[in-house]
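Next come the chains, spelled out residue by residue.
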Amino acid sequence: MDKLICRSCNGEFSLSEAIWRCECGGLLDVDFRASFPIDKINRRPSGFWRYREAIPILDDKNIISFNEEFTPMVPLDFNGKEVLIKLDYLFPTGSFKDRGASILISKVKELRIKRVVEDSSGNAGSAIAAYCAKAGIECDIFVPDYTPPGKIAQIESYGARLHRIPGTREDAAHSALRAAKDYYYASHHWNPFFLQGTKTFAFEVAEQLDWISPDSVIVPVGSGSLLLGVYKGFNELLNAGIIDRIPKLIGIQAANCAPVAISFKENSNDVYEIDKKETIAEGISIAAPVRGKQVLESVKNCGGKFITVSEEEIKESLRWICRKGFFIEPTSAATIAGINKYLKESSPDEVIVSIFTGHGLKTTEKILKILNE
Ligand SMILES: *Cc1c(COP(=O)(O)O)cnc(C)c1O
Ligand SMILES: [Zn+2]
């Protein structure tokens, strides 16, 4: 317990080693026994740091936080069926990535690291840049050249060194990986401490439902940092005896870039890089998710599935949701298109939770274009 374990060679490392992958090149997982002293939790302010005994940061003085609160969980009617939506686009930097960034950058501070690198389609970069700014840690953020101006402005405003890389999202990742030879890689794809933050989504949902587990949780999947965190979080609640089952996880991918959904459909045991097509859901446009195999296994283990959505379905969903008063980015509208498809097969009394991941103000010109089409 309380160690890093390599998923490839089972090598073990201390939680206080400044590594983000194994010497063998394998992905690391955090092995840590989370506990949930409900009385103590209840006495603390709302927000993910109230699950203090479930977060592997040793010293409170290393916590980097904007005193984030619980994100609202709002019931939304989809043609007569209700889905509970967590409004994670209301976090300080406008996306759920703040969950991962807060815990990861706290860890970075604990490790006394002064400079980190990250690559992103924009939102993870913004979140890492903001929490680094709060912590006084330098950061280099690599983004694809096509990243929307709102996200670029946000990253630069926080004082990050911004690197706009010509080409694809994958080219930005390769550039960051090269820079990670010299600096600690605060990657939401590789770094296992990011998942220690995204897992708090599960804790919050369970608590907002009075400590029960929903039947299913529908999340978008790019790299899978959200889905893997949600899976880990519900497993920790189960192991601690707080809930009695894991919800089915439903992963949503854009049909134009669906490497994990394809593997699931073909009943494959691994995920392979695909030739992706362009998608307006830039936040989930990941052709070769490094934890793809882990995402696939998690969804299979909980009896979940994947659903893919077309560009037209994403656009329609975006126009529909804005008219309901939710201003979210196109990537998040992919989830709505997926919800609509899932509800065609869900049972009438199923408790379904989903998430709006990113704020619309990050991509206004894209949204205007979609509205005017
Ligand atoms: C990052 C992101 C996603 C996808 O999350 P992964 O952790 O990469 O699967 C979905 N929506 C938005 C708005 C994002 O920024
Ligand atoms: Zn290894």
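**Some details on a positive patch on the surface**
A grouping of Lys109, Arg112, Lys114 and Lys134 is seen on the molecular surface, where their side chains present a positively charged patch. Its location among the elements puts Arg112 in the loop between helix H2 (97-110) and strand E6 (115-119).

**Regarding helix H11 (residues 311-322)**
Taking 1.5 Å of rise per residue, 12 residues should cover 16 Å, and H11 covers 17 Å from first to last C-alpha, within 8% of that figure. Every buried residue belonging to H11 is among Glu311, Ile314, Lys315, Ser317, Leu318 and Ile321, and all of these are buried. Buried residues along H11 cover an arc of 160° about the axis, so they all sit on one side. Structurally, H11 contributes buried residues whose contacts are with strand E4 (73-78), strand E11 (248-254), strand E12 (305-309), helix H12 (330-343) and helix H13 (364-372).

**Overview of the coordination of the zinc ion (ligand 2)**
Bound to the zinc ion (ligand 2) on the protein side are Cys6 (SG), Cys9 (SG), Cys22 (SG) and Cys24 (SG), at distances that span 2.2 to 2.3 Å. Metal-centred angles of 106 to 118° between the 4 donor atoms at the zinc ion (ligand 2) mark the site as tetrahedral. We note that the donor set of the zinc ion (ligand 2) lies within a single chain, spaced as C-x2-C-x12-C-x1-C. Here Cys9, found in the loop between strand E1 (3-6) and strand E2 (12-14), pairs with Cys22, found in the loop between E2 and strand E3 (28-31); they are 13 residues apart in sequence, far enough to count as distant. What makes Cys9 partly exposed here is its relative accessible area of 42%. Cys22 gets classed as buried once you look at its relative accessible area, which sits at 5%.

About the cut-offs
- Along each chain, numbering runs from 1 in the same order as the chain's sequence is written.
- Each chain gets a letter, beginning with A, and each ligand a number, beginning with 1, in the order they are written.
- Under the rules for a predicted model, residues below a pLDDT of 70 receive no local features and side-chain atom pairs below 80 are neither given nor counted, while totals for whole chains, interfaces and linings still include all residues.
- Values shown for side chains rest on all heavy atoms present in the structure; no hydrogens or waters enter the calculation.
- Any residue with relative accessible area above 30% and no salt bridge may belong to a patch, with like charges joined within 9 Å and the nonpolar Val, Leu, Ile, Met, Phe, Trp and Tyr side chains within 5 Å.
- Accessible surface area values rest on a Shrake-Rupley calculation with a 1.4 Å probe, where residue burial reflects the displayed protein chains alone.
- Here a salt bridge means any side-chain nitrogen of Lys or Arg lying within 4 Å of a carboxyl oxygen belonging to Asp or Glu.
- For the purpose of charge, His is not counted, nor are the chain termini; Lys and Arg are scored as positive and Asp and Glu as negative.
- Where a charge lies is defined by one atom per residue type, namely NZ (Lys), CZ (Arg), CG (Asp) and CD (Glu).
- Each helix corresponds to a stretch of at least 4 residues labelled H or I by DSSP, and each strand to a stretch of at least 2 residues labelled E; elements are numbered beginning at the N terminus.
- Between the first and last residue of a helix there are one fewer steps than residues, each counted as 1.5 Å, and that sum is the expected span.
- For the exposure calls, accessible area comes from a 1.4 Å probe over protein chains only, and a residue counts as buried if that area is under 20% of its type's maximum, exposed if over 50%, partly exposed in between.
- In this description, one arc is meant: the one made by directions from the helix axis to the C-beta atoms.
- Contact definition: two residues touch when any of their heavy atoms are within 4.5 Å.
- Donor atoms are limited to N, O and S found within 2.8 Å of the metal ion, a distance that becomes 3.2 Å for Na, K and Ca. With water left out, some sites might look partial.
- Geometry is assigned from the angles between donors: four donors with all angles from 85 to 135 degrees make a tetrahedral site, four or six donors whose opposite pairs exceed 155 degrees while the rest stay between 65 and 115 make square planar or octahedral sites respectively, and everything else is labelled irregular.

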